[in-house]
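Examination of the molecular architecture
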Amino acid sequence: MRIGILIELYRPYLSGVVVSIELLAKELLERGHQVFILTPEVQGYKDTSDFKVVRLPSFRFFGKRFAVPFLSKRVKKNVKELDLDLIHIQGPYPTGFLGIKLAQGLGLPILMTYHAHVLFYLKTWANIWNWPLSFIARIMTLWIIRWTSKHCQLIIAPSHFIKNVLRGYGIKTQIEVLPTGIKPFSLKSAPLSRSQLGLPREGKILIYVGRLAKEKNLKMLILAFEEVLKARKDVFLVLVGDGHFRPTLEKTVKRKKLEDLIFFLGEKPHGEIGSILKVSDVFAFPSLSETQGLAVAEAMAAGLPVVVVGEGAALEFIDNKENGLVVPNLPKEFASAILSIIGSSDLASFLGQNAQKKVIALRPEVVYQEIEGLYSQLTKEFIPVRK
């Protein structure tokens, strides 16, 4: 099959969605399919992917590039020449609108993976969550989600949590729950040491991997870390990733005089994250907004004990006290869970080993075989109606 995947924020941006799409694309290539990534153009950036990347006209908004959500004759002509069999969009964004118009114009089946809890993000991002602007924003966002969903033949939800959210919005489209495939980090060569990574040689390391965004609840993580420091002085917190909330977090760390104990490593190549996990002791994930929790699953695949807040889709991976610890969204409770792990090598080993066993079902070859089957089903059952 010739598959067109439309994604809003692709390289040079890095996120769990980007990692998910690249895993999918690589697996599809290995299965003999042809994959085309359609994404907004970013001035000065050159693509180096193994699959073909088609850049779309874009506009700048809050420092990022988004697709122009109108189907021009040039874009339609260029996409038509790709001779696609189906279109796979990644959410109710400008590329989603464009993908629907392309599917309608070219007579192609279309499906959507709903990666983000958009209304939760809207509430967190905006300082307008009070009448009347918040009411208008919510109504508009719900309309966009419903309109996009209505025009897809199938929706993939990365978790039952998100499927239930969409049903709560009144979405009637068929929804299949299918998590992102997890490929264990390759450490064929010698992993990087702590000193090579710029981290303390001694002591316990708590690690967070993900975007540094307000909705990730990282201020609570810093408060929990302060509670940990009251009990132990040999603990460090490492934040891997970048985002709009980083300056705020750095100011908080400086104000609290924790610069020597909290490390901001920034974005790292996906292959290097395995080394960072390898030298860490606990994966701390305070996010309240996860639609799947890809970073949690990857940490579990690496055999790292995890502590998460008991909200969102990450809970679908974790059986509390069996392969991770689930706690309320309270700094002292979060800190207590961390301390119990770093204070007991037996508990850390028990949780880490069980975590690896839990995510075996998310092997890419298992997950993407199911996606391949859904693609095949769509193309066979679809009746083209061009508009």
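Up top you'll find the structure we're talking about.
Residues numbered from 1 in each chain as written. Predicted model: local features only at pLDDT ≥ 70, side-chain atom pairs only at ≥ 80, totals over all residues. Heavy atoms only, no water.

What follows covers the environment of asparagine 217. Of note, asparagine 217 is situated in the loop between β10 (204-209) and α7 (218-231). Residues asparagine 217 and proline 286, 69 residues apart in the sequence, show an inter-C-alpha distance of 5.7 Å. Those residues in contact with asparagine 217 that sit more than four places away from it in its chain are Pro286, Ser287, Leu288, Val309 and Asn329. (Helix = DSSP H or I, 4+ residues; strand = E, 2+ residues; numbered from the N terminus. Contact = heavy atoms within 4.5 Å.)

For the rest of this paragraph, the subject is the pattern of salt bridges. According to the stated counting rule, one finds 16 salt bridges in the structure shown. Between glutamate 226 and lysine 256 there is a salt bridge whose closest N-O contact spans 3.1 Å. One end of the pair, glutamate 226, is in helix α7; the other, lysine 256, is in the loop between α8 (246-255) and β12 (262-266), with 30 residues separating them in the sequence. For glutamate 226, a relative accessible area of 23% translates into the label partly exposed. (Salt bridge = Lys/Arg side-chain N within 4 Å of Asp/Glu carboxyl O. Buried < 20%, exposed > 50% of the residue type's maximum accessible area, 1.4 Å probe, protein only.)

What holds strands together in a sheet is hydrogen bonding between their backbones, with the strands either parallel or antiparallel. One open sheet holds the seven strands; their spatial order is β3-β2-β1-β6-β7-β8-β9, and the pairing between them is parallel. With one partner strand each, in any of the chains shown, β3 (52-56) and β9 (175-177) form the two edges of the open sheet. On average, each strand axis in the sheet is tilted by 25° relative to the strand beside it, whichever way the strands run. Summarising the sheet, strand β6 (residues 86-89) and strand β7 (residues 110-113) pair through three bridges and their orientation is parallel. Residue pairing for β7: isoleucine 87 is matched across the bridge by isoleucine 110. Sitting on the sheet, helix α13 (residues 364-381) is in contact with β1 (2-6), β6, β7, β8 (154-157) and β9, with an inclination near 170° to β8. (Pairing = 2+ DSSP bridges. Axes fitted to C-alpha atoms, helices over the stretch in contact; angles between N-to-C directions.)

On to the sheet that holds strand β14 (residues 306-309), then. As summarised here, the arrangement of the six strands in space is β12-β11-β10-β13-β14-β15, forming an open sheet in which the pairing is parallel. Each edge of the sheet is formed by a strand with only one pairing partner; in this case those strands are β12 and β15 (325-327). On average, each strand axis in the sheet is tilted by 25° relative to the strand beside it, whichever way the strands run. With six bridges joining them, β10 and strand β11 (residues 235-240) adopt parallel strand pairing. Directly across from leucine 206, in β11, lies its bridge partner leucine 237. Taken strand by strand, helix α10 (residues 294-301) contacts β10, β13 (282-285) and β14, and its axis lies near 170° from that of β13.

Before going further, it helps to spend a moment on helix α6 (residues 160-168). Listed as buried for α6 are Ile162, Val165 and Leu166. Here the buried residues of α6 occupy an arc of 95° about the axis, which is enough to place them on one side. Every exposed residue of α6 that faces more than 90 degrees away from the buried side is listed here: Asn164 and Gly168. Just past α6, the residue glycine 170 takes up positive phi, approximately 90°. (Arc of directions from axis to C-beta.)

For the structure shown, the criterion picks out eight aromatic pairs. Consider the rings of phenylalanine 283 and phenylalanine 285, whose centres lie 5.8 Å apart with planes at 20°: the pair is stacked. Put simply, the rings of Phe59, Phe61, Phe62 and Phe66 pair up and form one aromatic cluster. (Phe/Tyr/Trp six-rings, centres within 6.5 Å; stacked < 30°, edge-to-face > 60°.)

Ranked by internal contacts, the top residues of the largest apolar core, which has 94 residues, are Ile37, Ile262, Phe283, Val296, Val307 and Phe334. Broken down by element, the residue count for this core peaks at eight residues, all from α7. Filtering out sequence-adjacent residues up to four positions away, valine 296 remains in contact with Phe283, Phe285, Val306, Val308, Ala314 and Ile318. Listed in part, the 35 residues of the second largest apolar core include Leu56, Leu84, Ala116 and Val165. (Core = buried A, V, L, I, M, F, W, Y, C linked by side-chain atoms within 4.5 Å.)

Each pair of packed helices gets described by two things: the angle between the helix axes and the distance between those axes. In contact at an axis separation of 11 Å, α7 and α8 are set at 20° when each is read in the N-to-C sense. Taken together, the axes of α7 and α8 lie roughly parallel to each other. The two elements α7 and α8 meet at a crossing, and its hand is right-handed. Here α7 contributes Leu218, Lys219 and Ile222 to the contact with α8, which in turn contributes Thr248, Leu249, Thr252 and Val253. Here the contact of α7 with α8 is composed, by residue class, of four nonpolar, two polar and one charged. (Parallel < 35°, antiparallel > 145°, perpendicular 65-115°, else oblique. Left-handed = near helix turned anticlockwise from the far one by under 90°. Nonpolar A, V, L, I, M, F, W, Y, C, P; charged D, E, K, R; others polar.)

Further remarks concern α8. Along an α-helix, a turn takes 3.6 residues, which lines up residues three or four apart on a common side. Every buried residue of α8 is listed here: Arg246, Leu249, Thr252 and Val253. Burial along α8 is one-sided: seen end-on, the buried residues are contained in an arc of 120°. Exposed residues lying more than 90 degrees from the buried face of α8 are Lys251, Lys254 and Arg255. Tucked inside the fold, the buried residues of α8 contact α7 and β12. Among the residues trailing α8, lysine 257 stands out with phi positive, at a value near 60°.

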